[in-house]
Amino acid sequence: MESTIRTMIKNLSEKKGEEVLIKGWVDVKRDQGKMAFFDFRDATGKVQGVVFGKPEVLEVAKTLRPEWVVAVKGKVQERNDKQAKAYREEVEKTGKRPFFNKDVELEITGFEILNKAETPVFEITSDTSEINEEVRLKNRYLDLRTQRMQNNIRMRAKAMQLLRKELNEENFVEIETPVLTKSTPEGARDYVVPSRLTPHHFYALPQSPQQYKQLLMSAGMERYYQFAKCLRDEDLRGDRQPEFTQLDMEMSFVEEEDIIQLNERLLITLVEKLYPEKRIQQIPFPRMSYAEAMEKYGNDRPDIREDKNDPNLLAFVWIVDFPFFEKTADSDDPQAKGEWTFTHNPFSLSKPEFVEDLKAGKNIENIVAAQYDIVLNGYEIGGGSIRAHDPEILRSILRILGHSDEKIEENFGHMLKALGSGTPPHGGIAWGFDRLMMILQNEKTIREVIAFPKNGEGRDPLMEAPSTITQEQLDELFIELKELPKKKDE
Ligand code: ASP
């Protein structure tokens with residue numbers, strides 16, 4: 001086949017009557033003896049193709065199977081059947097072109113087979129949400145070919161692009177922070193990575209960029225953001241993933257109100273631009289104190305939707321006025337040694353009227369944090385706080401949490417020093433980006449909006465991670481493996 005420029009399927013309607021070349025996958029094949037019908041698919045759409053009256057082309061057509069990769073030459077013809085009429089009516093009504101272009105079809109004049117494919121383990125044309133998830137994850141590249149998953153991943157990319165643009169326009173600087181870092185006391189268990197160059201020492205993978213983003217405020221960056229990978233070695237209850245993505249932000253010279261308003265604007269813009277079919281229940285977003293949420297709903301992420309059956313209704317609510325501390329008995333924080341632990345973040349500040357109590361370590365149970373969560377349809381989709389920028393306040397918080405002065409120096413010396421170097425007042429927030437995308441895409445789990453998620457046991461069935469490593473690798477790291485405890489039934 002002589003080379004021609006490739007036409008993307010979504011643009012075929014503009015080429016009626018022309019000879020074109022498309023490249024993509026065989027989505028469906030219908031062999032009808034003297035004729036063969038196909039649906040072809042590329043990243044932009046689907047279109048029907050037909051082979052008729054060309055014996056040498058028909059011969060090749062008959063060998064093709066679903067998911068084979070092909071280059072197809074043909075003439076673009078306007079369709080005039082019932083489906084075509086319905087298609088045009090829909091375009092007229094919605095102004096949007098559905099993925100399957102039924103306005104035209106391709107009168108095929110030639111094929112080139114670019115690659116063959118084994119029969120896929122499930123149908124790419126189906127909605128795979130009902131298929132065994134282990135099978136889907138093991139064959140994720142096939143799963144991602146389906147239209148629903150393509151849409152989820154592409155909408156995620158669009159949302160990232162839009163948020164980057166908005167934040168850049170607001171003078172935020174996108175800054176990457178390290179993935180190899182030091183254990184941070186943020187409440188969960190750390191993933192650790194052995195260091196070869198400093199044997200017997202370990203890096204921790206970040207639970208969040210909390211300390212780095214605050215150090216960036218010490219560094220005079222003033223407005224930071226990042227789509228950050230966060231890693232937490234937790235038991236995978238419910239819909240958690242060992243690694244997930246936050247849209248992480250930090251701002252200098254701001255108060256709670258500034259952060260709330262900026263984030264509210266961002267969320268509204270995101271919905272209006274990418275999800276015009278959705279309705280935000282209330283703007284400005286309502287606010288509710290932690291105490292009120294607990295009293296009325298029994299939890300701090302209330303679902304306040306007027307109509308829970310409406311998939312296009314978005315009910316945002318800010319939860320504010322959290323208690324700063326709680327008794328460790330009520331917490332699952334493994335690092336808390338004292339009687340008190342933080343409810344969200346040890347680096348937070350209290351509301352102004354409690355700063356003296358915070359400094360003096362008095363009235364602890366009543367101290368209210370300058371902390372806010374954003375909740376959507378019953379899910380916490382983000383949270384943040386104004387931080388303690390005075391090193392003496394941070395020191396006092398850490399003492400309340402039961403850390404000895406020696407431990408404070410060892411674990412937080414760098415933060416105290418940075419705060420004491422001329423750090424501006426600052427605060428921030430982080431969005432659980434996967435969760436937000438899950439809700440916007442009307443999905444039930446965050447795994448549906450993550451390209452390569454882990455399964456319920458924290459494994460990646462496609463790459464088969466985690467896996468063992470070689471004796472040489474262990475030797476280099478000076479690591480000796482202990483025998484595993486015997487299982488009960490052995
Ligand atoms: N680092 C916090 C978290 O991961 C969010 C924040 O306070 O900005 O929950």
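Residues numbered from 1 in each chain as written. Predicted model: local features only at pLDDT ≥ 70, side-chain atom pairs only at ≥ 80, totals over all residues. Heavy atoms only, no water.

### Examining unusual backbone geometry
Part 1: At the junction of Ile-283 and Pro-284, the peptide bond is cis and its omega measures out at -10° in the coordinates.
Part 2: Structurally, Pro-284 can be placed in the loop between strand 11 (279-280) and strand 12 (287-289).
Part 3: Across the junction of Ala-465 and Pro-466, the peptide omega takes the value 0°, indicating a cis bond.
Part 4: With respect to the helices and strands, Pro-466 occurs in the loop between helix 12 (433-440) and helix 13 (471-476). (Helix = DSSP H or I, 4+ residues; strand = E, 2+ residues; numbered from the N terminus.)

### Things to note about the layout of surface pockets
Part 1: Taken as a whole, the second largest pocket encloses approximately 1000 Å³ of empty space.
Part 2: Taken together, 32 residues form the lining of the second largest pocket, with Arg-97, Phe-99, Asn-151, Met-155 and Lys-158 sitting closest to its centre.
Part 3: When grouped by side-chain class, the residues that make up the lining of the second largest pocket number 10 nonpolar, 11 polar and 11 charged. (1 Å grid on protein atoms, 1.4 Å probe; cavity = no way out; pocket = protein on both sides within 12 Å on 5 of 7 lines; lining within 4 Å. Points joined across faces, edges and corners; volume = space filled by probe spheres on them. Nonpolar A, V, L, I, M, F, W, Y, C, P; charged D, E, K, R; others polar.)

### Description of the side chain of Arg-79
Part 1: Locating Arg-79 in the fold gives a position in the loop between strand 4 (69-78) and helix 2 (82-94).
Part 2: Beyond its immediate sequence surroundings of up to four residues, Arg-79 is in contact with Gln-48, Ala-84, Arg-88, Lys-102, Asp-103, Val-104 and Glu-105. (Contact = heavy atoms within 4.5 Å.)

### Here we look at the pairing of strand 5 (residues 100-115)
Part 1: With five bridges joining them, strand 3 (residues 45-52) and strand 5 adopt parallel strand pairing. Its bridge partner lying in strand 5, Gly-49 is registered against Leu-106.
Part 2: Summarising the sheet, strand 4 and strand 5 pair through 10 bridges and their orientation is antiparallel. Looking across to strand 5, one finds that Val-69 is bridged to Asn-115. (Pairing = 2+ DSSP bridges.)

### Observations concerning the nonpolar core
Part 1: By size, the foremost hydrophobic cluster in this structure holds 71 residues, and its most contacted members are Met-249, Phe-316, Phe-325, Leu-358 and Trp-431.
Part 2: A total of nine residues in this core trace back to one element, the largest contributor, which is helix 7 (residues 256-274).
Part 3: Excluding residues that lie within four positions of it along the chain, Phe-316 makes contacts with Leu-267, Val-271, Ile-280, Phe-285, Pro-286, Ile-304, Ile-374, Val-375, Leu-376 and Ile-381.
Part 4: Within the second largest apolar cluster, 22 residues are counted, among which are Ile-9, Ala-36, Leu-106 and Ile-108. (Core = buried A, V, L, I, M, F, W, Y, C linked by side-chain atoms within 4.5 Å. Buried < 20%, exposed > 50% of the residue type's maximum accessible area, 1.4 Å probe, protein only.)

### Considerations on the environment of Ile-393
Part 1: Mapped onto the elements, Ile-393 comes out in helix 10 (residues 391-400).
Part 2: The exposure class assigned to Ile-393 is buried, which follows from its relative accessible area of 6%.
Part 3: On a C-alpha basis, the gap between Ile-393 and Pro-311 in space is 45 Å, while along the polypeptide they are 82 residues apart.
Part 4: If we skip the residues at most four places from it in the chain, Ile-393 touches Leu-349, Val-355, Leu-358, Lys-359 and Ala-388.

### Some details on the site of the ligand
Part 1: Around the ligand sit Ser-208, Gln-210, Lys-213, Arg-232, Gln-246, Asn-345, Gly-383, Gly-384, Arg-387, Ile-429 and Ala-430, and that is every residue in its neighbourhood.
Part 2: A distance of 2.6 Å is found between an oxygen atom of the ligand and a side-chain nitrogen or oxygen belonging to Lys-213.
Part 3: For the ligand, an oxygen atom lies 2.8 Å from a polar atom in the side chain of Arg-387.
Part 4: Here the ligand loses 83% of its free accessible area of 270 Å² to cover by the protein chains.
Part 5: Listing elements by their share of the shell around the ligand, those giving two or more residues are helix 6 (210-218), strand 18 (379-386) and strand 19 (426-432).
Part 6: Tallied by class, the residues present in the shell around the ligand amount to two nonpolar, six polar and three charged. (Near = heavy atom within 4 Å. Polar contact = N/O pair within 3.5 Å; in protein donor to acceptor, adjacent residues only side chain to side chain. Areas by Shrake-Rupley, 256 points an atom, 1.4 Å probe, with all protein chains shown as cover.)

### Digging into the sheet that holds strand 19
Part 1: The mixed open sheet is built from eight strands, whose spatial order is 6-9-10-19-18-17-14-12. Edge positions in the open sheet fall to strand 6 (173-174) and strand 12, since each of these has one partner strand only.
Part 2: Examined bridge by bridge, strand 18 and strand 19 share five bridges and lie antiparallel to one another. Bridge pairing in strand 19 places Gly-383 opposite Ala-430.
Part 3: The strands that helix 5 (residues 147-169) touches are strand 6, strand 9 (223-231), strand 10 (243-252) and strand 19; relative to strand 9, the one it contacts most, it runs at about 150°. (Axes fitted to C-alpha atoms, helices over the stretch in contact; angles between N-to-C directions.)

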